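# Residue-level structure breakdown
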Amino acid sequence: MNRSDGLVRRSVKPRENGGAEGGLNANTPDDNQEAIDGLKDQEDNIDDGDSKETRLTLMEEVLLLGLKDKEGYTSFWNDCISSGLRGCILIELGLRGRVMIEKSGMRRRGLCTRKLILKSDQQTGDVLLDEALKHIKETDPPETVQSWIEYLSGETWNPLKLRYQLKNVRERLAKNLVEKGVLTTEKQNFLLFDMTTHPLSDNVVKCRLVKKIQDSVLSKWVNDPQRMDKRMLALIFLAHASDVIENAFAPLNDDDYEVAMKRVRELLDLDFETEAAKPNANEILWAVFMAFTK
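Residues numbered from 1 in each chain as written. Predicted model: local features only at pLDDT ≥ 70, side-chain atom pairs only at ≥ 80, totals over all residues. Heavy atoms only, no water.

An unreviewed UniProt entry lists the protein under the name Golgi phosphoprotein 3 homolog sauron, with Drosophila kikkawai given as the organism. Turning to the protein, the UniProt annotation filed under Subcellular location (unreviewed entry) states: "Golgi apparatus membrane". The protein has a UniProt comment under Sequence similarities (unreviewed entry) that states "Belongs to the GOLPH3/VPS74 family." (UniProt positions renumbered as here; feature names shortened; annotations may be inferred.)

### With respect to the packing of aromatic side chains
Taken as a whole and assessed by the stated rule, the structure comprises nine aromatic pairs. Seen in terms of ring centroids, phenylalanine 237 and phenylalanine 289 are 3.8 Å apart; in terms of plane orientation they differ by 15°. Their pairing is stacked. Remark: phenylalanine 289 occurs in helix H13 (residues 283–291) and phenylalanine 237 occurs in helix H9 (residues 230–241); sequence separation between them is 52 residues. Measuring from ring centre to ring centre gives 6.1 Å for phenylalanine 272 and phenylalanine 289, while their planes differ by 65°; the resulting arrangement is edge-to-face. One end of the pair, phenylalanine 272, is in helix H12 (residues 272–276); the other, phenylalanine 289, is in helix H13, and 17 residues separate them in sequence. Using a relative accessible area of 3% as the deciding quantity, one classes phenylalanine 289 as buried. (Phe/Tyr/Trp six-rings, centres within 6.5 Å; stacked < 30°, edge-to-face > 60°. Helix = DSSP H or I, 4+ residues; strand = E, 2+ residues; numbered from the N terminus. Buried < 20%, exposed > 50% of the residue type's maximum accessible area, 1.4 Å probe, protein only.)

### Some points on the packing of helix H3 (residues 58–66) against helix H4 (residues 81–95)
Running from N to C, H3 and H4 cross one another at 150°; their axes reach a closest spacing of 8 Å. Between H3 and H4, the interaxial angle falls into the category roughly antiparallel. Only Ile81, Leu85, Cys88, Ile89, Ile91, Glu92 and Leu95 of H4 make contact with H3, whose side of the interface consists of Leu58, Met59, Val62 and Leu63. A per-class count over the contact of H3 with H4 returns 10 nonpolar, no polar and one charged. (Axes fitted to C-alpha atoms, helices over the stretch in contact; angles between N-to-C directions. Parallel < 35°, antiparallel > 145°, perpendicular 65-115°, else oblique. Contact = heavy atoms within 4.5 Å. Nonpolar A, V, L, I, M, F, W, Y, C, P; charged D, E, K, R; others polar.)

This is the structure in structure tokens:
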């Protein structure tokens, strides 16, 4: 599968219909971008735009990008976000120093064949992360990153590994965002059943997230993945793997949109093995990225 598949597709709905689907508060793209740009002056005086109350994990950021603002649920046609969120979990554990990729050894084994191993079993305080960490700790012999994404998603033919599946991940993440004041909780009726939904309640947090992604590939682009913030690099890759990156770029004007997409394609076309072998590279990031290209 081409790493750039699915990137260049942009649907723009008539203004009278409220803009592109999944846009911020169903405004037109121009309105959304004005709201995002309006945060610029505020951002100059805020450390990374996040307070303790609104600091989000990678999983929460990807889910927030995928949620329809007013409806409060992800697209029924998105079958990528489930595995994407599991990739976020592994990267979060890696960035927090809980797991790592085993050494390549004398034979210089590739990222795909090297195992994910426990580095520290200290709890993170996040229920999902600690549940995944517990599974990794108890597994002997260790497994590859690709296998862990499958196990945590429940997408495995091995019945003995089904116990590793993390259940109700989207709902649990949404509840975290409700506790942080970003989302709210409602009940919606869908003909034959009722469904709990989580519409957006704090537009500033999502605007800030979208602006952060846009800036990373536009005004703050560094043209070198090794110099990029590792968390932002992971967010771009996992948002693409989860098929929600379009929601961050839809409000842009045509010229900026093309530049943003071109730069994301440049990241997707990198040689992950080469990048992982560079000094100070975080190997688990590149191993997860590679897992989504297989």
